[in-house]
Amino acid sequence: MLTVEAGGELRLGPSLSRGGQGELFTVSGRSDLVFKRIHDAELERDGAWPDRLRVMVAHPPPGVRDAQGHVLLAWPCDRVLDGDRCVGFLMPRLNLSRSAELHLLANPSDRRSPAPGGPRWAVGWTWRELLHTAVNLATAVRAVHEAGVVVGDFQERNVLVDDRGRVSLVDCDSMQVVDPGSGRVFHCTVGRPEYTAPELIGADVGSVRREPSSDLFALAVHIHQLLFSGAHPFDGLWTGVGEKPRRDRLAAKGWYANGRRGPLRPPPGVPGFELVPRVVRDLFDRALAEGARRPERRPAAAEWQAALRELAADLTTCALDRTHVHPREVAPCPWCAAERAQAEHAPPTPSSTPLQYPPQPTTQGRTALPRRRRRRWPAWVGAFAVAAAVCAFAVPRVVDAARSEPAPPDVPAPRLSAAVSRTVAAKPQIANAYPSTLKIERPVLKGFSLTVVFDARGDYVSNPGFGGARLLVHTRHGLIEAAPMKLEPIALEQKHIAARITYPASLPGTYDFTSDRDRFPWTRIGRVDVPAVAVVATRAFGAPSSWTLFRKTSLPDGRLRLDVGGYGLPGKACLLPKKAEPKTTEREYQNQTYYYWNGSYAQATRNAPFYRATLTFPHAGRAFRFQCDMPDTQITL
């Protein structure tokens with residue numbers, strides 16, 4: 001029989017979920033509580049559980065709930081016993097139907113096209129709501145630190161956000177707490193590498209006492225992802241020499257995408273630091289750059305809270321796109337600029353002189369040595385040296401180009417069938433109250449670009465505006481929502497909205513369109529046929545990036561050539577040898593050999609990040625994973 005330590009029998013309701021440490025149950029007669037039963041194997045592995053829970057129940061932080069009664073921390077409020085044995089604890093129950101994990105809100109594609117059961121209430125969220133969420137996240141961390149607690153496992157799945165942007169920290173039983181009586185430290189023994197501070201990488205977190213500054217590193221990462229379209233600060237375009245280092249190595253050097261130093265730049269489509277004022281930039285610099293070597297320099301949660309509140313108090317909305325919200329002092333709209341940069345982006349051309357990081361030490365403060373007078377050679381000597389260098393560089397490439405290899409195939413453009421102009425009415429439950437119609441002009445397919453012209457009329461049809469336009473592709477890999485590459489407004493009035501939108505058309509399948517999924521039904525545009533061997537997409541719903549493998553050719557010398565194209569970035573295209581055993585950690589992949597392409601690429605369409613590339617690799621006849629700035633996707637070659 002289960003009993004509550006404070007007194008009384010515990011009657012369980014249905015199970016809610018099951019995780020690695022325990023299982024959650026409802027409590028009969030108490031809709032405000034849930035019971036977490038810890039697995040027997042976990043209790044045997046860590047004998048400190050009963051003492052940890054005793055300390056947490058006896059010393060709850062003052063900020064478990066805010067002034068309005070919202071649960072900031074899902075903190076244990078009572079221990080549960082099975083006889084004399086502690087088997088779990090009670091904690092406040094959250095309304096999960098109106099809450100979502102933090103990453104589902106920070107990622108724009110997850111907000112626009114939530115998965116089944118996802119936060120559909122966040123579809124209309126703008127930067128204003130994300131900034132409000134960042135303020136509340138700093139508030140929750142401040143409450144934890146003021147109580148002498150360290151979050152430890154400060155990952156995105158342990159942060160829940162409700163439809164009002166209020167934050168709740170869950171999995172509090174894994175946080176690092178200290179017994180105020182004995183001084184005993186109960187360590188946080190888990191964590192995610194993406195949010196682990198540099199000073200803890202490689203450390204035995206089961207025995208190392210964490211400092212609040214390690215939470216402040218993760219807090220800066222979360223805020224960066226909220227403010228900059230879900231982009232991790234240590235992801236982006238690598239402009240340095242060689243292969244892009246892992247995130248933990250970039251974090252150890254303090255090289256983040258918006259930083260003042262280092263060869264990492266923000267990815268296309270994500271605004272840079274011009275989006276936020278200098279005071280917020282300085283906080284990121286202290287947290288991610290200076291804090292790499294001096295963790296005590298990282299700004300406290302209260303500093304983030306004050307700076308973000310001030311930023312949220314002076315926002316404006318873009319005149320061209322009502323979903324674009326930015327600081328009033330920033331002009332023009334940084335979101336429009338980011339979208340244009342993504343549409344017009346071309347891979348960077350490698351510099352002839354690689355940049356050196358860190359910069360070489362200067363001679364400032366040293367005794368100046370007498371400068372030797374250089375001997376001047378005749379001009380013909382320099383000209384001869386330049387000519388020799390050019391020949392040495394060019395001749396091997398001429399010989400290499402003259403080798404007998406099959407020419408890359410000329411892949412034809414996609415074909416569009418069954419495309420006609422049509423007019424559809426609003427959904428019946430809406431048409432009666434707000435009569436409206438949607439006219440879809442005959443779509444035009446040029447190259448790998450599909451242009452759709454729509455014209456909607458009726459009461460309140462301009463709400464939510466162009467931001468509600470969606471294109472859905474039915475492929476054999478599932479449903480893929482294609483992100484627009486170009487938008488040209490035609491009319492924007494209270495009862496009339498029209499626009500010309502261009503989408504990538506690199507995926508074979510049927511294409512459906514709607515300007516407002518809540519008002520109008522999906523309307524079939526037509527079928528696009530792409531002559532390709534295989535199609536690679538990141539994941540269903542909300543993944544705009546895709547790559548198509550048009551042709552594979554085995555070269556006479558044993559090399560393998562791939563002709564690919566895609567809506568994405570070819571800068572990091574590679575083949576990754578498949579391991580015999582399944583992938584368990586990201587670190588295991590770092591020890592494998594990556595084969596990078598040595599071919600060329602060409603932009604296939606204007607104002608669209610779609611590329612055609614010829615990739616050549618040294619090996620063939622094995623199973624590989626094809627990767628191009630997106631999660632690994634298996635292709636058998």
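Worth saying up front: this structure is predicted, and the values here are computed from it rather than measured.

J.: Quick one: what's the story with the overall build of the protein chain, residue by residue and with numbers?
T.: Across its full length, the protein chain holds 13 helices and 35 strands. Carbon and sulfur atoms make up 52% of the accessible area of the protein chain, which totals about 31,600 Å².

J.: Tell me about the pattern of salt bridges, and name the residues and values.
T.: Side-chain pairing between opposite charges can occur once the charged atoms of the two side chains come close. Counted by the stated rule, this structure contains 32 salt bridges. We note a salt bridge from Asp-173 to Lys-36, for which the minimum N-O separation is 3.1 Å. Of the two residues, Asp-173 is situated in the loop between β9 (167–169) and β10 (177–178) and Lys-36 in strand β4 (residues 30–38); the sequence distance between them amounts to 137 residues. The residues Asp-173 and Lys-36 share a single accessibility class, namely buried.

J.: Kindly report on the pairing of β4, identifying the contributing residues and their values.
T.: Taken together, the 6 bridges between strand β3 (residues 22–27) and β4 define a ladder with antiparallel strand orientation. What sits directly across from Glu-23, in β4, is Arg-37. If you look at the hairpin formed by β3 and β4, you'll find 2 residues sitting between the two strands, and Gly-29 has a positive phi there, around 85°.

J.: Kindly report on helix α5 (residues 127–146), identifying the contributing residues and their values.
T.: Compared with the 28 Å implied by 1.5 Å per residue over 20 residues, the 29 Å span of α5 between its first and last C-alpha is a close match. The element α5 is largely enclosed, with a buried count of 14 among its 20 residues. Gly-148, located one to two residues past α5, shows a positive phi value of around 75°.

J.: Give a detailed account of helix α9 (residues 301–312), specifying residues and quantitative values.
T.: Between its first and last C-alpha atoms α9 spans 16 Å; for 12 residues at 1.5 Å apiece the expected length is 16 Å, and the two agree. Within α9 the residues assigned to the buried category are Ala-301, Trp-304, Gln-305, Ala-307, Leu-308 and Leu-311.

J.: I'd like a rundown of unusual backbone geometry, residues and numbers included.
T.: Phi at Asp-171 takes a positive value of approximately 55°, unusual for a residue other than glycine. Tracing the sequence through the fold places Asp-171 in the loop between β9 and β10. Take Asp-171: its relative accessible area is 22%, and that puts it in the partly exposed class. Here Ser-229, not a glycine, exhibits a phi torsion of approximately 55°, which is positive. For Ser-229, the position within the fold is in the loop between α6 (212–227) and β12 (237–238). Residue classification places Ser-229 among the partly exposed residues on the basis of a relative accessible area of 21%.

J.: Can you lay out the nonpolar core for me, pointing to particular residues and giving the numbers?
T.: In terms of nonpolar packing, the biggest core is built from 77 residues, with Trp-127, Leu-169, Phe-284 and Trp-304 touching the most fellow members. In terms of residue count, α5 provides more of this core than any other element does, 10 residues in total. In this structure, Ala-426, Leu-438, Ile-440 and Tyr-503 belong to the second largest nonpolar core, which totals 29 residues.

J.: Describe the confidence of the model for the protein chain, and please don't skip the residues or the numbers.
T.: With 73% of its residues at a pLDDT of 70 or more, the protein chain has an overall mean of 78. Here helix α13 (residues 586–590) stands out as the least confident element of the protein chain, with mean pLDDT 39; α6 is the most confident, with 96. Counting interchain partners and residues more than four positions distant, the pLDDT-below-50 stretch residues 569–573 has 22 contacts.

J.: I'd like to hear about the sheet that holds strand β7 (residues 99–101), residue by residue, with values.
T.: With antiparallel pairing, 3 strands are arranged side by side in an open sheet as β7-β8-β9. At either margin of the open sheet sits one strand with a lone partner, and together these are β7 and β9. With direction set aside, neighbouring strand axes in the sheet form an average angle of 30°.

J.: Quick rundown of the packing of aromatic side chains? Include the residues and the values.
T.: Across all of its chains, the model carries 11 aromatic pairs by this definition. Relative to Trp-335, the ring of Trp-127 has its centre 6.5 Å away and its plane inclined at 65°; by these criteria the two rings are edge-to-face. Separated by 208 residues along the polypeptide, Trp-127 in helix α5 and Trp-335 in helix α10 (residues 334–344) bring together distant segments of the chain. On the basis of relative accessibility, which here comes to 3%, the residue Trp-127 falls in the buried class. Taken together, the aromatic side chains of Phe-228, Tyr-256, Phe-273, Phe-284 and Trp-304 make up a single cluster linked through ring pairs. The cationic tip of Arg-52 hangs over the ring face of Trp-49; the distance from NZ or CZ to the ring centre is 6.0 Å.

J.: Provide a residue-level description of the sheet that holds β3, including the pertinent values.
T.: Strands sit in the order β1-β5-β6-β4-β3-β2 across an open sheet of 6 strands; the sheet is antiparallel. The open sheet has two edge strands with one neighbour each: β1 (2–4) and β2 (12–18). On average, each strand axis in the sheet is inclined to that of its neighbour by 30°, with strand direction left out of account.

J.: Quick rundown of the packing of α6 against α9? Include the residues and the values.
T.: Closest axis-to-axis distance for the α6/α9 pair is 10 Å, and the angle between their directions is 20°. By the angle class used here, α6 and α9 are roughly parallel. Along its contact with α6, which presents Leu-216, Leu-219, Ala-220, Ile-223 and Leu-227, the element α9 presents Ala-301, Trp-304 and Leu-308. Looking at the contact of α6 with α9 residue by residue, the classes come out as 8 nonpolar, no polar and no charged.

J.: Just give me the short version of the layout of surface pockets, but keep the residues and values in it.
T.: There is about 840 Å³ of room inside the second largest pocket. In terms of lining, the second largest pocket is formed by 30 residues, of which the most central are Ser-17, Leu-24, Asn-158, Val-170 and Asp-171. Taken together, the elements giving at least two residues each to the lining of the second largest pocket come down to β2, β3, β4, β6 (85–92) and β7. Here the lining of the second largest pocket is built from residues that sort into 12 nonpolar, 9 polar and 9 charged.

J.: Please give an account of the packing of α5 against α6 that cites residues and values.
T.: With their axes 9 Å apart at the nearest point, α5 and α6 run at an angle of 170° to one another. It follows from the interaxial angle that α5 and α6 lie roughly antiparallel. Taken together, the residues of α6 that come into contact with α5 (itself represented by Trp-127, Leu-130, Leu-131, Thr-133, Ala-134, Leu-137, Ala-138, Val-141 and His-145) are Pro-212, Asp-215, Leu-216, Leu-219, His-222, Ile-223, Leu-226 and Leu-227. By residue class, the composition of the contact of α5 with α6 is 13 nonpolar, 3 polar and 1 charged.

J.: Got a sec to walk through the state of the cysteines? Specific residues and values, please.
T.: By definition, a disulfide is the covalent link that joins the sulfur atoms of two cysteine residues. Across all of its chains, the model carries 0 disulfides by this definition. Just so you know, Cys-336 is unpaired, no disulfide at all, and the nearest cysteine sulfur is the one on Cys-318, 3.7 Å from it.

Definitions and cut-offs
- Residues numbered from 1 in each chain as written.
- Predicted model: local features only at pLDDT ≥ 70, side-chain atom pairs only at ≥ 80, totals over all residues.
- Heavy atoms only, no water.
- Helix = DSSP H or I, 4+ residues; strand = E, 2+ residues; numbered from the N terminus.
- Areas by Shrake-Rupley, 256 points an atom, 1.4 Å probe, with all protein chains shown as cover.
- Salt bridge = Lys/Arg side-chain N within 4 Å of Asp/Glu carboxyl O.
- Buried < 20%, exposed > 50% of the residue type's maximum accessible area, 1.4 Å probe, protein only.
- Pairing = 2+ DSSP bridges.
- Expected span 1.5 Å × (residues − 1).
- Core = buried A, V, L, I, M, F, W, Y, C linked by side-chain atoms within 4.5 Å.
- pLDDT = per-residue confidence, 0-100.
- Contact = heavy atoms within 4.5 Å.
- Axes fitted to C-alpha atoms, helices over the stretch in contact; angles between N-to-C directions.
- Phe/Tyr/Trp six-rings, centres within 6.5 Å; stacked < 30°, edge-to-face > 60°.
- Lys NZ or Arg CZ within 6 Å of the ring centre and 35° of its normal.
- Parallel < 35°, antiparallel > 145°, perpendicular 65-115°, else oblique.
- Nonpolar A, V, L, I, M, F, W, Y, C, P; charged D, E, K, R; others polar.
- 1 Å grid on protein atoms, 1.4 Å probe; cavity = no way out; pocket = protein on both sides within 12 Å on 5 of 7 lines; lining within 4 Å.
- Points joined across faces, edges and corners; volume = space filled by probe spheres on them.
- Disulfide = S-S within 2.5 Å.

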